[in-house]
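Inside the fold
The residues making up each chain are set out below.
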Amino acid sequence: MTDTVRRVKTHCARMDHGGCALVAEVKNNQIVGIKGDPEGFLNRGYICPKALASPERLTHPDRLRHPLRRTGRRGTGQWERISWQEALESVSENLSRIRAEYGAKAVAFCQGMPKGLEHFVLIRLANIFGSPNVVAVQDVCHAPREVSGMHTCGFYPVSDFHHPSKSVMLWGSNITATNEEGEICSMLLHQLKQGTELIVIDPKQTDMAKKARYWLQIKPGTDNALALAFLHVVIADELYDRNFVSAYTHGFDELAAHVSNYPPEKMAEIVGVPASLIRDSARLYAMSHPAAIQWGNAIEHTVRAFDTARALICLMAVCGNLDVPGGNVQANEPKILDLGKFVRADLIPSKAKEMIHAHHGTIPRLMTVPPAFFKKAVLESVPYPVRGAYMQCTNPLMGYADSRETFNALMNLDFLAVSDIFMTPTASLADIVLPAATHFEFNDIGHYGLGHGYILARPKVVDPPEECRPDMQILNDLGKLLTPAEYWYEDCNGFLKSLLSPSGLTYEQFAEQGFMKGENRFQKYLTAGFKTPSGKVELRLSNAEKFRLPPLPAFAGTPADDDPDYPLILTTCKDRYYLHSSYRWVEKLREKSPCPLTEIHSETAAIYGIREGDEVIVSTKYGSISQFASLTETVRKDTVYAAYGWWFPEAKGENGCEWEKSNFNMLTSTEKLGKEFGTPNLKSIRCNIRRK
Ligand SMILES: Nc1nc2c(c(=O)[nH]1)N[C@H]1C(S)=C(S)[C@@H](COP(=O)(O)OP(=O)(O)OC[C@H]3O[C@@H](n4cnc5c(=O)[nH]c(N)nc54)[C@H](O)[C@@H]3O)O[C@H]1N2
Ligand SMILES: Nc1nc2c(c(=O)[nH]1)N[C@H]1C(S)=C(S)[C@@H](COP(=O)(O)OP(=O)(O)OC[C@H]3O[C@@H](n4cnc5c(=O)[nH]c(N)nc54)[C@H](O)[C@@H]3O)O[C@H]1N2
Ligand code: SF4
Ligand SMILES: [Mo]
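The paragraphs below set out a description of the structure included in this document. (Residues numbered from 1 in each chain as written. Chains lettered and ligands numbered in written order. Predicted model: local features only at pLDDT ≥ 70, side-chain atom pairs only at ≥ 80, totals over all residues. Heavy atoms only, no water.)

Every residue close to ligand 3 is listed here: C12, M15, D16, G18, G19, C20, Y46, C48, K50, A51 and N179. Partitioning the shell around ligand 3 into residue classes produces six nonpolar, three polar and two charged. (Near = heavy atom within 4 Å. Nonpolar A, V, L, I, M, F, W, Y, C, P; charged D, E, K, R; others polar.)

If you want it as structure tokens, here you go:
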């Protein structure tokens with residue numbers, strides 16, 4: 001055994017979408033030091049507290065280290081240790097039995113936030129197995145932005161921070177805390193120093209709101225109303241890009257007539273922002289070309305996700321900011337294997353018709369099942385029964401809306417296998433639990449399939465502990481048991497090799513190079529038009545009637561109705577020290593954020609007789625939770641921010657680690673869903689609050 005310190009360059013991952021280049025110092029198979037790599041093309045040396053706590057993530061004494069089989073009743077915490085062979089055979093036998101009895105589509109393959117290549121290997125397994133049902137969290141994470149983009153302009157318009165923008169509008173995106181989209185905020189902060197103007201649309205005074213020229217403290221859930229008011233100003237003041245609009249848009253006159261109904265003076269009260277501020281911000285965005293809109297989760301955390309995303313894409317388009325450097329661009333992929341080929345989409349041509357959500361009339365090109373519809377299939381057999389599930393990298397009991405319903409669905413499955421690194425509330429309900437290796441413990445590739453135009457090398461740094469295995473390896477082995485072996489590789493390096501093969505690079509050469517980026521090509525529409533039915537940006541959707549979609553983005557009222565019993569508005573943002581429900585068990589992070597805090601304006605708190613640190617009960621029509629009050633001036637007086645993702649690993653399995661007590665999703669519901677994506681309201685719910 002050597003005791004010299006090795007330095008390994010890799011990229012951070014699995015604590016958000018990843019992206020920061022890191023240098024890890026390794027001694028005796030342990031990470032002993034970690035820092036941001038000054039040469040990182042995205043982060044230029046930046047590293048956040050989550051990444052600094054990485055080593056503890058790997059070495060925690062309670063980490064899962066062996067496959068487990070349930071012995072007592074489901075959820076009672078009784079397990080026996082079994083071998084990998086027994087575990088894989090049990091998963092394979094159970095899923096095969098369900099396939100024989102109910103058909104392949106009765107098995108769901110579930111994944112949370114995409115973390116690495118195993119996400120796509122899971123889709124591949126589902127496709128080869130013959131199930132159209134990959135359940136993911138895309139209903140509230142990116143699909144509304146991505147798929148609305150595909151229908152409107154033929155691509156997913158991501159903000160381009162690699163080139164200077166004259167102005168940037170951060171719309172419901174807390175980028176310095178979340179590194180949303182893996183577009184590291186270091187690049188934006190650098191631009192601000194060079195004079196880029198900043199507009200922030202957020203109910204909370206975030207770090208970036210403090211730096212902004214204009215901060216619009218919007219009432220949660222009214223983003224589409226505000227975006228329409230922006231469009232009104234841009235069109236009424238004739239600030240739009242005439243040449244672009246006349247040559248490359250479809251339905252401008254209809255949009256113009258439509259948004260004349262949304263003047264700032266009328267919308268000001270709805271959105272809770274003064275009309276003059278709306279006008280000034282819209283003018284600044286339209287007059288500083290190029291400009292980027294960095295849009296976050298707030299766009300897609302309400303039942304109005306589609307109209308909101310559409311209104312913002314129309315705004316990008318009429319201001320001439322689509323696919324120009326420093327605007328919102330269609331990223332060009334490097335020379336690597338096409339996603340469809342990687343996941344073997346060819347093997348399941350009927351997927352779009354057969355997947356669960358097709359029955360619910362969701363938007364075409366949404367390819368993962370919204371969790372609300374997955375639960376309906378499990379609990380009510382609508383549109384057909386789903387009886388088994390394989391879950392990896394996800395904790396649905398905390399992440400899906402309506403946790404009580406999720407609990408019932410998980411309890412109602414005939415078979416549930418969960419791969420995780422820790423015994424989470426969800427894993428505690430499984431029949432088989434598989435101990436996964438995680439970041440730093442295997443060769444991986446980051447940012448594949450995310451539409452940002454680059455992939456990042458994540459070479460292995462240390463060996464995984466005891467029996468932990470990379471999900472890619474677990475799936476490759478399971479694939480051989482469940483489906484014809486010819487579709488699988490000798491080991492999981494086969495996936496890396498095939499992905500990289502068009503580039504001609506081996507994984508080692510790629511890792512040496514660090515990343516691969518597509519070429520900088522902009523304004524592809526000049527020669528190729530837009531990939532839409534009309535070949536133009538569809539301000540008015542030409543297929544609206546066919547797909548039963550609203551042809552123009554509209555404001556159809558707030559996502560949740562007013563309710564005198566619940567006079568306040570509940571919303572949330574992610575904790576900068578955790579990823580969703582993950583890592584509450586990492587001491588270094590827990591010290592920074594020890595307990596669930598509900599943020600409330602000091603004046604509102606005074607009305608409700610709430611003091612700093614009081615234990616409070618936050619209630620909605622759907623449920624109640626307890627958290628601790630944090631008094632602040634940074635949120636609106638009518639809005640309460642409850643913390644999201646809280647369970648208590650230290651409760652050691654008792655009552656599933658108290659998954660109900662402070663869990664935000666006890667307060668959400670699937671009663672009302674957006675038609676296009678099956679999205680529930682996560683960010684604009686009526687609530688009340690009292691001292692416990
Ligand atoms: N109310 C509310 N609900 C939300 C949101 C919100 O803002 N508010 N956000 C939504 C969004 S944007 C998303 S993306 C989803 C997130 O939903 P999930 O992705 O399900 O979120 P996590 O709670 O982080 O669960 C991830 C799990 O993966 C495990 N894990 C970590 N690394 C590995 C690994 O390498 N292998 C395996 N097998 N497991 C691993 C972690 O221990 C953890 O249990 O939640 C959504 N739900
Ligand atoms: N630390 C950390 N980083 C993460 C994650 C994490 O869990 N923790 N999750 C990762 C994932 S999967 C994702 S998708 C991204 C998400 O990253 P973000 O898009 O930044 O997500 P959020 O923190 O949910 O919300 C963003 C902002 O929306 C504001 N907001 C709340 N309600 C409204 C509203 O109604 N309208 C508007 N305009 N704003 C509102 C919040 O105050 C917050 O500042 O982050 C990724 N990075
Ligand atoms: S911001 Fe994200 S990618 Fe960067 S160091 Fe932190 S967790 Fe890693
Ligand atoms: Mo997400």
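Moving on, we get to the packing of helix 9 (residues 223-236) against helix 14 (residues 305-318). Geometry of a packed helix pair, given as the angle between the helix axes and the separation of the axes. Direction vectors running N to C along helix 9 and helix 14 enclose 25°, while the axes themselves pass 8 Å from each other. It follows from the interaxial angle that helix 9 and helix 14 lie roughly parallel. Viewed along their axes, helix 9 and helix 14 form a crossing whose handedness is left-handed. Here D223, N224, A227, L228, F230, L231 and V234 of helix 9 lie close against helix 14, whose contacting residues are D307, T308, A311, L312, C314, L315 and V318. Partitioned by chemical class, the residues of the contact of helix 9 with helix 14 number ten nonpolar, two polar and two charged. (Axes fitted to C-alpha atoms, helices over the stretch in contact; angles between N-to-C directions. Helix = DSSP H or I, 4+ residues; strand = E, 2+ residues; numbered from the N terminus. Parallel < 35°, antiparallel > 145°, perpendicular 65-115°, else oblique. Left-handed = near helix turned anticlockwise from the far one by under 90°. Contact = heavy atoms within 4.5 Å.)

Taken as a whole and judged by the stated rule, the model has 42 salt bridges. For K652, the salt bridge is made with D62, and the minimal N-O distance between the two is 2.4 Å. Of this pair, K652 sits in the loop between strand 26 (639-641) and helix 27 (655-658) while D62 sits in the loop between helix 2 (54-59) and strand 4 (68-70), and the two are 590 residues apart along the sequence. Of the residues examined, K652 reaches a relative accessible area of 57% and is grouped as exposed. K460 serves as the salt-bridge partner of D463, at 2.8 Å between the closest nitrogen and oxygen. (Salt bridge = Lys/Arg side-chain N within 4 Å of Asp/Glu carboxyl O. Buried < 20%, exposed > 50% of the residue type's maximum accessible area, 1.4 Å probe, protein only.)

What holds strands together in a sheet is hydrogen bonding between their backbones, with the strands either parallel or antiparallel. Here four strands make up an open sheet; going across it, the order is 11-10-9-13 and the pairing parallel. Lying at the two open borders of the sheet, with one neighbouring strand each, are strand 11 (214-216) and strand 13 (291-295). Pairs of neighbouring strands in the sheet enclose a mean axial angle of 15°, with direction left out of account. Summarising the sheet, strand 9 (residues 167-171) and strand 13 pair through five bridges and their orientation is parallel. Note on strand 13: the bridge partner recorded for M169 is I293. Lying on the sheet, helix 13 (residues 275-287) is in contact with strand 9, strand 10 (197-201), strand 11 and strand 13; it crosses strand 11 at an angle near 125°. (Pairing = 2+ DSSP bridges.)

Neighbouring residues of ligand 2: 36 residues in total, closest T178, D202, D223, Y578 and Y641. A distance of 3.4 Å separates a nitrogen atom of ligand 2 from a polar backbone atom of R576. Between ligand 2 and K683 there is a distance of 2.8 Å, counted from an oxygen atom to a side-chain nitrogen or oxygen. Protein burial of ligand 2: of its 920 Å² of free accessible surface, 99% is covered by the chains. Tallied by class, the residues present in the shell around ligand 2 amount to 13 nonpolar, 13 polar and ten charged. (Polar contact = N/O pair within 3.5 Å; in protein donor to acceptor, adjacent residues only side chain to side chain. Areas by Shrake-Rupley, 256 points an atom, 1.4 Å probe, with all protein chains shown as cover.)

Here the focus is unusual backbone geometry. The amide bond that connects H289 to the next residue, P290, takes the cis arrangement and shows omega of 0°. Within the secondary structure layout, P290 lies in the loop between helix 13 and strand 13. Backbone torsion omega between V382 and P383 reads 0°, so that peptide bond is classified as cis. Mapped onto the elements, P383 comes out in the loop between helix 17 (371-380) and strand 15 (388-392). The phi angle at H447 is positive, at roughly 70°, despite the residue not being glycine. Tracing the chain through its elements places H447 in the loop between strand 18 (444-446) and strand 19 (454-458). The class of H447 is buried, set by a relative accessible area of 4%.

What follows concerns the sheet that holds strand 22 (residues 568-571). Read once around its circumference, the closed barrel built from six strands follows the order 22-26-23-25-24-27, with strand pairing classed as mixed. Direction aside, neighbouring strands of the sheet carry axes that sit 45° apart on average. The pairing of strand 22 with strand 27 (residues 685-691) spans three bridges and is classified as antiparallel. Looking across to strand 27, one finds that I569 is bridged to R686.

This brings us to helix 12 (residues 264-271). Of the residues making up helix 12, those classed as buried are P264, M267, A268 and V271. Viewed end-on, helix 12 has its buried residues packed into an arc of 120°, placing them on one side of the element. Exposed residues lying more than 90 degrees from the buried face of helix 12 are E265 and E269. Buried residues in helix 12 make contact with helix 9 and helix 13. Immediately downstream of helix 12, the backbone of G272 shows phi near 75°, a positive value. (Arc of directions from axis to C-beta.)

Another point: the packing of aromatic side chains. Applying the stated criterion across every chain, the model contains 25 aromatic pairs. With centroids separated by 5.6 Å and ring planes inclined at 70°, the aromatic side chains of F109 and F129 adopt a geometry described as edge-to-face. With F109 in strand 6 (residues 107-111) and F129 in helix 4 (residues 118-129), this pair connects stretches of sequence that are 20 residues apart. Each of the two residues, F109 as well as F129, counts as buried. Centre to centre, the rings of F244 and Y525 are 5.3 Å apart; their planes meet at 85°, and the pair counts as edge-to-face. A residue pair is termed long-range when its members are at least 10 positions apart, and F244 in helix 10 (residues 242-248) and Y525 in helix 23 (residues 525-528) qualify at 281 residues. For the pair formed by F244 and Y525, the shared burial category is buried. The positively charged end of R124 is found above the aromatic ring belonging to W488, 5.5 Å away from the centroid. Of note, R584 hangs over the ring of W646, and the distance from its end group to the ring centre comes to 4.4 Å. (Phe/Tyr/Trp six-rings, centres within 6.5 Å; stacked < 30°, edge-to-face > 60°. Lys NZ or Arg CZ within 6 Å of the ring centre and 35° of its normal.)

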